[in-house]
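# Chains, contacts and geometry: an overview
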Amino acid sequence: MASFVNISSSPLMSRSCPLPSLPSRSVTARTQFKGWCRGLRVKCMSSGANQDAESESETTTSSSPPYPSLSSSSISTYNWCAALGGTGFLETVYLTYLKLTDSDAFCPLGGGSCGDVLNSDYAIVFGVPLPVIGIVAYGFVAALGLQLPRKNPFGIGESNGRLILLATATSMATASGYFLYILSTKLSGASCSYCLMSAFLSFSLFFITLKDFGLQEIQKVLGLQLSVAFLVIAALSTSYGTSAPASSSLAEINLPYFTSEITTPSSPFAVSLARHLHSIGAKMYGAFWCSHCLEQKQMFGKEASDILDYVECFPDGYRKGTKIAKVCADAKIEGFPTWVINDQVLSGEQELSELAQLSGFKYSESSQPT
């Protein structure tokens, strides 16, 4: 029995369960005892392994930094989408207000060219102003970002909601890329801080949404993304293609402002009429490049035309996308020349006698126009 408890036994004995001395004749008892010992050894090793595993697990948990689960990562993505979508929603609401009220946009960068871009033909798609489309797109993204953490947004399920969010972000990023191309080619030299901000929001939404998909998922939805991008480009090209013929002749015009010299002399009647029109606040609205405006001034002559209250609607020159002067926009001028006399509007060139009659100008027989 002394050898059973001795811890200085041989290595072989220390790795096995030792057997006590039993009579040789007790074969059955020896066999049962061996089985009991083996079971005990297995049980002890099993218990020790469990304890080691638990210790290792506790050590790893205490020493390793906590990593976010997939659900927490998704929630973070949805929060970003809601925040970026809300920012874009506010921006487009402001731009829509400017469009509806025909107000000038405040442009921290780019000066007046920002308003020129926002009021150009490229700011309308199928007759709908781009800011209105932006309100719908950004508002939808913000709503999805707020609803997706609830696992069943709008009753469509989280999986379908994620796909719809990705498709929407893809379409917005594609449209922003197309608009940046238009800005750099068709409206070269113009700057639009709101356009750049919208592009930043759209691309950020796209990459944040795409990051939430694994590599295998991205490969599965790649066809969806390419289809959405193709449809967006086709729609924009069709919209601009159908509206281009009406303004294609002005697409590349870039006219700096210039003045035209009046060469005809003024008659006494023309001078008197010009003074009368000036005294009652009558105004002639025109554009420096308008030939009919020049002909109207030639009717008055050099001296009389200098007396007229003439309003230039494009004082900074003209190029595609240039916005008409605010004073002309407020007067709802649609063509040149346009006369506004006693709250009455006359479009086109007018004879001096017609202007005299409309304005109530009294003249003698000797001053009648020839």
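Everything in this summary refers to the structure shown in the same document. Keep in mind that what you see is a predicted model, and the values were worked out from it rather than measured.

### Some points on the state of the cysteines
Inspection of every chain in the model, using the stated rule, returns two disulfides. Between the sulfur atoms of Cys 192 and its disulfide mate Cys 195 the distance is 2.3 Å. Disulfide Cys 192-Cys 195: the torsion about the S-S bond is 75 degrees, which places it as right-handed. The class of Cys 192 is buried, set by a relative accessible area of 1%. The class for Cys 195 is partly exposed, based on a relative accessible area of 25%. Across the disulfide from Cys 313 sits Cys 328; the S-S distance is 2.0 Å. Between Cys 313 and Cys 328, the S-S torsion sits near -95 degrees, and that sign places the bridge as left-handed. Of this pair, Cys 313 sits in the loop between β5 (310–312) and β6 (318–319) while Cys 328 sits in helix α13 (residues 326–330), and the two are 15 residues apart along the sequence. Of the two residues, Cys 313 and Cys 328, both sit in the buried class.

### Comments concerning the layout of surface pockets
In this structure, the largest pocket spans a volume of roughly 810 Å³. As for the largest pocket, its lining consists of 37 residues, and the residues nearest its centre are Leu 130, Ile 133, Ala 175, Phe 179 and Ser 198. Split into classes, the residues belonging to the lining of the largest pocket amount to 28 nonpolar, eight polar and one charged.

### Some words on the environment of Ala 82
Tracing the chain through its elements places Ala 82 in helix α4 (residues 70–101). Distance from Ala 82 to Leu 144, taken between C-alpha atoms, is 7.3 Å for residues 62 residues apart in sequence. When sequence neighbours within four positions are dropped, the list of residues in contact with Ala 82 reads Ala 142, Gly 145 and Leu 146.

### Concerning the packing of helix α7 (residues 158–185) against helix α8 (residues 193–211)
Each packed pair of helices is defined by two parameters, the angle between the axes and the distance between the axes. Here α7 crosses α8 at 145 degrees, and the two axes come no closer than 8 Å. The two elements α7 and α8 cross, and the hand of that crossing is left-handed. For the pair α7 and α8, the contacting residues are Leu 165, Leu 166, Ala 169, Thr 170, Met 172, Ala 173, Ser 176, Gly 177 and Leu 180 in the first and Leu 196, Ser 198, Ala 199, Ser 202, Phe 203, Leu 205, Phe 206, Thr 209 and Leu 210 in the second. Grouping the constituent residues of the contact of α7 with α8 by class yields 12 nonpolar, six polar and no charged.

### Topic: the pattern of salt bridges
Tallying each qualifying case throughout the model produces three salt bridges. Residues Asp 212 and Arg 162 are paired through a salt bridge, measuring 3.3 Å at the closest nitrogen-oxygen approach. Linking Asp 212 in the loop between α8 and α9 (215–247) with Arg 162 in helix α7, this pair joins segments that are 50 residues apart in sequence. Its relative accessible area of 9% is what places Asp 212 among the buried residues. Through salt bridges that share partners, Arg 162, Asp 212 and Glu 217 make up one connected network.

### Some points on the pairing of strand β8 (residues 344–347)
Of the strand pairs in this sheet, strand β7 (residues 338–341) and β8 are connected by four bridges, and their pairing is antiparallel. Opposite Ile 341, over in β8, you have Gln 344 as the bridge partner. If you look at the hairpin formed by β7 and β8, you'll find two residues sitting between the two strands, and Asn 342 has a positive phi there, around 50 degrees.

### Regarding the side chain of Thr 92
As for its position among the elements, Thr 92 is in helix α4. You can call Thr 92 buried: its relative accessible area is 5%. A polar contact is formed between the side chain of Thr 92 and the backbone oxygen of Phe 89, at a distance of 3.0 Å. What Thr 92 contacts, discounting residues up to four positions off in sequence, is Pro 131, Gly 134, Ile 135 and Tyr 138.

### Description of the sheet that holds β7
The four strands are arranged β5-β4-β7-β8 in an open sheet whose pairing can be described as mixed. Each of the sheet's edge strands pairs with one partner strand only, and the pair in question is β5 and β8. The sheet shows a mean angle of 20 degrees between the axes of neighbouring strands, direction not considered.

What counts, and at which threshold
- Residues numbered from 1 in each chain as written.
- Predicted model: local features only at pLDDT ≥ 70, side-chain atom pairs only at ≥ 80, totals over all residues.
- Heavy atoms only, no water.
- Disulfide = S-S within 2.5 Å.
- Buried < 20%, exposed > 50% of the residue type's maximum accessible area, 1.4 Å probe, protein only.
- Helix = DSSP H or I, 4+ residues; strand = E, 2+ residues; numbered from the N terminus.
- 1 Å grid on protein atoms, 1.4 Å probe; cavity = no way out; pocket = protein on both sides within 12 Å on 5 of 7 lines; lining within 4 Å.
- Points joined across faces, edges and corners; volume = space filled by probe spheres on them.
- Nonpolar A, V, L, I, M, F, W, Y, C, P; charged D, E, K, R; others polar.
- Contact = heavy atoms within 4.5 Å.
- Axes fitted to C-alpha atoms, helices over the stretch in contact; angles between N-to-C directions.
- Left-handed = near helix turned anticlockwise from the far one by under 90°.
- Salt bridge = Lys/Arg side-chain N within 4 Å of Asp/Glu carboxyl O.
- Pairing = 2+ DSSP bridges.
- Polar contact = N/O pair within 3.5 Å; in protein donor to acceptor, adjacent residues only side chain to side chain.

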